[in-house]
Amino acid sequence: MPDTDSSVQAISMARRDGAPLDPPPEYARLRQEAPISRVSMWGGRATPWLVTRWEDARTVLASPGVSSQNTRPGFPTAIENAPAMPPGYFFGQDDPVHDTFRRALTREFMVKRIEALREPTMRILDQLLDAMIDSGGPADFVEAVALSLPSLVICELLGVPYEEHDFFQSHSKVLIDSAVTAEEKIAAHQALGDYLERLVEDKRRQPMDDLVSRLAEHVDAGTFSVRDAADVGAFLLFAGHETTANMIGLGVLALLEHPEELPRLYQGKAELANSVEELLRYLTIAHTGLTRIAIEDIAVGDVTIRAGEGVIILLNSANRDADTFADADTLDLARANARQHLAFGYGIHQCLGQPLARMELQIVLPEVFRRLPNLRIEPGREVSFKQTSAAYGASFMPVTW
Ligand code: HEM
């Protein structure tokens, strides 16, 4: 029976040439032959478990026996000795700290609040598409639409005053741009952190109907500090910007590759919602996997993961598991169980912003193809992809229409 002695595998995480929207082919083999196996990282100094099947991924993510705290020795962070995250970045905290922050935000992502962002989202999208169309083309769809929309929507969510949107958006774009230097990123991070702290202080003095004002109330109530509140704001920007931007870019690309699926977007609300779920499953942009460390022994499939051992849960393998999703490598916007995907994770850390991401995608995808029915990749040019970023996506998408 495989146990902690299982042989360590060197696993190729490379995607197949010509199939940039499919996970590495190695994952299909692992699901069949070694669904939970050891992988070598940090030059062999760490050998966490790699979980590849849907059922096992849910078991691990729902287990109270795992921790998300990356400061625990052996935690399988992408780089060795990764710096600790401040508490406000609460995806890296366990309860009760995690729960304090998460509960302070739960109401912000409820249907009523997200519905209030629908109109601003449509307005922002119209403006971005108008500007792209007026430019005459060709254009980089990532720059023109996919990156800008989520950061402007987060401005609305947080309550960044309109006249400061440009400042906020230009710095937040630097943070997720793979082409800028480390110094530029650090400067942008600092500028946004300082800005958010000032914003929290402003909203303490003059509260409005927005998320930062409600965080400021928690500061006054003593739940957390001004710095924590600013970190929460910065975390929401990180968590919600590049992820949604990548889904917009890749979602458009997947639909350009499968034009026969496009009519589904216009058949009704339920069909549109299901189409977005299927795109989330098929594309699973959190492609480097979720990381955890066992804090007690946990049984998963045939394996016992021992306390102190790291675990990487490969969501993009789990979401292509044929035992759960029939014909899993096919994009089928009418798939009956698309919503069972794990693209937003599972368990206590499941994506808090998913109602917002869904709302944005349900607006953007049909609207882009409605306004640009002849949208296509510019002939003779190629889309480039962010292979190494934690959120997979297109870095450049030359389009014409
Ligand atoms: C399509 C877009 C998105 C995808 C694919 C995505 C994916 C994920 C995943 C996989 C996790 C789980 C992390 C873990 O368990 O370790 C997560 C957590 C989180 N996401 Fe998202 N996300 C998206 C959009 C957003 C948006 C728009 C926001 C908010 C503005 C957001 C806020 C968060 C937060 C706050 C957490 C941490 C939750 C916790 O630890 O309790 N996400 N997301």
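Structural notes, computed from the coordinates. Numbers given to residues run from 1 along each chain, matching the order in which its sequence is written. A pLDDT threshold of at least 70 governs which residues receive local features in this predicted model, and a stricter bar of 80 or more applies before side-chain atom pairs are shown or counted, although totals over entire chains, interfaces and linings include all residues. Hydrogens are left out, water is left out, and the side-chain values use all remaining heavy atoms of the structure.

1. Regarding the overall build of the protein chain
Summing up its helical and strand segments, the protein chain has 14 helices and 13 strands in all. Based on C-alpha atoms, the radius of gyration is set beside the globule rule, defined as 2.2 Å times the residue count to the power 0.38. Over its C-alpha atoms the protein chain spans a radius of gyration of 21 Å, differing by no more than 12% from the 21 Å that the globule rule assigns to 401 residues. Each principal axis of the C-alpha atoms in the protein chain carries an extent, and together these give about 60 × 55 × 40 Å. The buried label applies to any residue whose accessible area, calculated with a 1.4 Å probe on protein chains only, is under 20% of its type's maximum; exposed applies above 50%, and partly exposed to all values in between. Expressed as a percentage of its 401 residues, the buried residues of the protein chain come to 55%. Contacts are residue-level and defined by heavy atoms, with any inter-residue pair within 4.5 Å sufficient. For the protein chain, long-range pairs separated by at least 24 residues make up 68% of all intrachain contacts whose partners lie at least 6 apart in sequence. Approximately 17,800 Å² of the protein chain is accessible, and the part contributed by carbon and sulfur atoms is 52%. Charge separation in the protein chain, taken as the distance between the mean sites of 38 positive and 57 negative side-chain charges, equals 3 Å. Elements are defined by DSSP. Helices are runs of H or I of four residues or more, strands are runs of E of two residues or more, and each kind is numbered from the N terminus. Surface accessibility in these figures is a Shrake-Rupley result with a 1.4 Å probe; residues are shielded only by whichever protein chains are displayed. Only four residue types enter the charge count, namely Lys and Arg as positive and Asp and Glu as negative; His and the chain termini do not. Throughout, a charge is located at the NZ atom of Lys, the CZ atom of Arg, the CG atom of Asp or the CD atom of Glu.

2. Here's the deal with the layout of surface pockets
Reported here for the second largest pocket is a volume of approximately 290 Å³. The wall of the second largest pocket is formed by R107, E108, M110, K112, R113, A116, L117, E156, L157, D209, D210 and R214. Mapped onto the lining of the second largest pocket, the elements with two or more residues apiece are helix 4 (111-116) and helix 7 (148-158). Looking at the lining of the second largest pocket residue by residue, the classes come out as 4 nonpolar, no polar and 8 charged. A cavity here means a set of 1 Å grid points, computed over protein atoms only, where a 1.4 Å probe fits but cannot escape. A pocket is an open set with protein on both sides within 12 Å along at least 5 of 7 lines, and lining residues have an atom within 4 Å of a point. Grid points are joined across faces, edges and corners, and a volume is the space filled by probe spheres set on the points. Residue polarity follows a fixed list, in which Ala, Val, Leu, Ile, Met, Phe, Trp, Tyr, Cys and Pro are nonpolar, Asp, Glu, Lys and Arg are charged, and the others, Gly among them, are polar.

3. A closer look at the side chain of D140
With respect to the helices, strands and loops of the structure, D140 is situated in strand 5 (residues 139-140). Any N or O atom pair separated by 3.5 Å or less is treated as a polar contact, with the protein-specific requirement of one donor-capable and one acceptor-capable atom, and with residues adjacent in sequence counted only for side-chain atom pairs. A polar contact of 2.9 Å, which involves the side chain of D140, links it to the backbone nitrogen of M397. Discounting residues that sit within four places of it in the chain, D140 has contacts with S395, F396 and M397.

4. Things to note about the environment of R118
Along the polypeptide, R118 turns up in helix 5 (residues 118-134). By relative accessible area, which is 24% here, R118 ends up partly exposed. Between the alpha carbons of R118 and A62 there is a distance of 32 Å; along the sequence they are 56 residues apart. In this structure, R118 is in contact with M359, Q362 and I363, ignoring residues within four places of it in sequence.

5. Let's talk about the nonpolar core
L105, F141, L158, F168, L250 and L279 are the most contacted members of the largest nonpolar core, which has 91 residues in total. The leading source of residues in this core is helix 11 (residues 226-257), at 16 residues. Once residues lying within four places of it in the same chain are set aside, the contact partners of F168 are S151, C155, L158, V160, L192, Y195, L196 and L237. Side-chain atoms within 4.5 Å are what join buried Ala, Val, Leu, Ile, Met, Phe, Trp, Tyr and Cys residues into a set we call a nonpolar core. Membership of the second largest hydrophobic core comes to 20 residues, among which are W49, I305, I313 and A318.

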